[in-house]
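Structural characterization, general
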Amino acid sequence: MKSTLNILSFEKITSTNDEAKKLLQKTKLPDFTVIFTKQQSKGRGQRENIWYSEPNKNLLFSIIAYPKNLKAKNQFYLSKVISLGIVNYLNSKTEGFKIKWPNDIYFREKKICGVLIENSVSAYDIKNSIIGIGLNINQKKFPDYLPQADSLINITSEVYNLEKELNAILKHILISYKNLKPENFYKIDKEYFSKLYKINELSEFRDKNGNFSGIIKGTLPEGKLIIETSNSGIRYYDFKEIEFINRTS
Ligand code: BTN
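In what follows, the accompanying structure is described. (Residues numbered from 1 in each chain as written. Predicted model: local features only at pLDDT ≥ 70, side-chain atom pairs only at ≥ 80, totals over all residues. Heavy atoms only, no water.)

**So, the environment of L24**
By the secondary structure assignment, L24 is in helix α1 (residues 16-26). Judged by relative accessible area, which is 19%, L24 ranks as buried. Those residues in contact with L24, other than ones at most four positions away along the chain, are L29, I64, Y66, N128 and I130. (Helix = DSSP H or I, 4+ residues; strand = E, 2+ residues; numbered from the N terminus. Buried < 20%, exposed > 50% of the residue type's maximum accessible area, 1.4 Å probe, protein only. Contact = heavy atoms within 4.5 Å.)

This is the structure in structure tokens:
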């Protein structure tokens, strides 16, 4: 791809999300500026977790975006278009990647990519968004405490050139990001639900009251997960209120 993208590469940094934040405090960067590294000393994940990545093996990057015409109440649509871009890129390598709500990317029962979106919201609008993506590419082994982690190399048995893959994934994400307009919300939902992990399948979950089985039916516009249960009807969950129980882990 002929790149017109603004990519700022760093040898080693604490976290591409933190670097993006620092840069934004100093200056306004163009929409879709990418902060890229192959090594983070303090990579951050969801739920205050550390994002572990072996140096020089994986893609670690953050996209700075100013989603125009996106109201704060619709911010989950940004998460949807980003995960769709990632999953479309991965499915171009081999079919079978799914989005595990809200925006993890899975192949079968294993996670190969995590997304940490940090929005800065003013009144009703999104001022800017830092979209951090960690995608496991060439790393073959993961620590025992990450039994669900996997990588592209383990799935396809190919070794990848990280710069080339960065350009390829960005191309897919940008195409998907350009769909982010209210008139496309219906289409985005349809595609997101079609790629949602375990949709319409009986699955096991855990909430503050314990374990239960239910069926994912979709998400609400603000992002809550909709689960149908056999004895207590439909339930709606925010991100921190529910966990999937993976029988293989
Ligand atoms: C998750 O927990 O699933 C989200 C992980 C996000 C990791 C990426 S790596 C690049 C960017 N910089 C960070 O510190 N975190 C994100």
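**Examining unusual backbone geometry**
Here the residue pair W101 and P102 is connected by a cis peptide bond, since its omega of 0 degrees sits within 30 degrees of zero. Within the secondary structure, P102 sits in the loop between β4 (97-100) and β5 (104-107). In this structure, R108 takes a positive phi of about 50 degrees despite not being glycine. Following the sequence through the fold, R108 ends up in the loop between β5 and β6 (110-122). Residue classification places R108 among the exposed residues on the basis of a relative accessible area of 63%. For A123, which is not a glycine, the phi torsion comes out positive at approximately 50 degrees. Of note, A123 is situated in the loop between β6 and β7 (125-135). Of the residues examined, A123 reaches a relative accessible area of 72% and is grouped as exposed.

**Some details on the site of the ligand**
Within the structure, the ligand sits among 20 residues, and S15, Q40, R44, Q46 and K111 are positioned closest to it. Within the side chain of Q40, one N or O atom sits 2.9 Å away from a nitrogen atom of the ligand. Within the contact set of the ligand, a nitrogen atom lies 2.7 Å away from a backbone nitrogen or oxygen of R44. Relative to its unbound accessible surface of 410 Å², the ligand loses 98% to contact with the protein. Contributing elements (two or more residues each) for the shell around the ligand: α1, β3 (59-65), β6 and β7. A per-element tally of the shell around the ligand places β6 first, with four residues. Among the residues making up the shell around the ligand, the classes are represented as six nonpolar, eleven polar and three charged. (Near = heavy atom within 4 Å. Polar contact = N/O pair within 3.5 Å; in protein donor to acceptor, adjacent residues only side chain to side chain. Areas by Shrake-Rupley, 256 points an atom, 1.4 Å probe, with all protein chains shown as cover. Nonpolar A, V, L, I, M, F, W, Y, C, P; charged D, E, K, R; others polar.)

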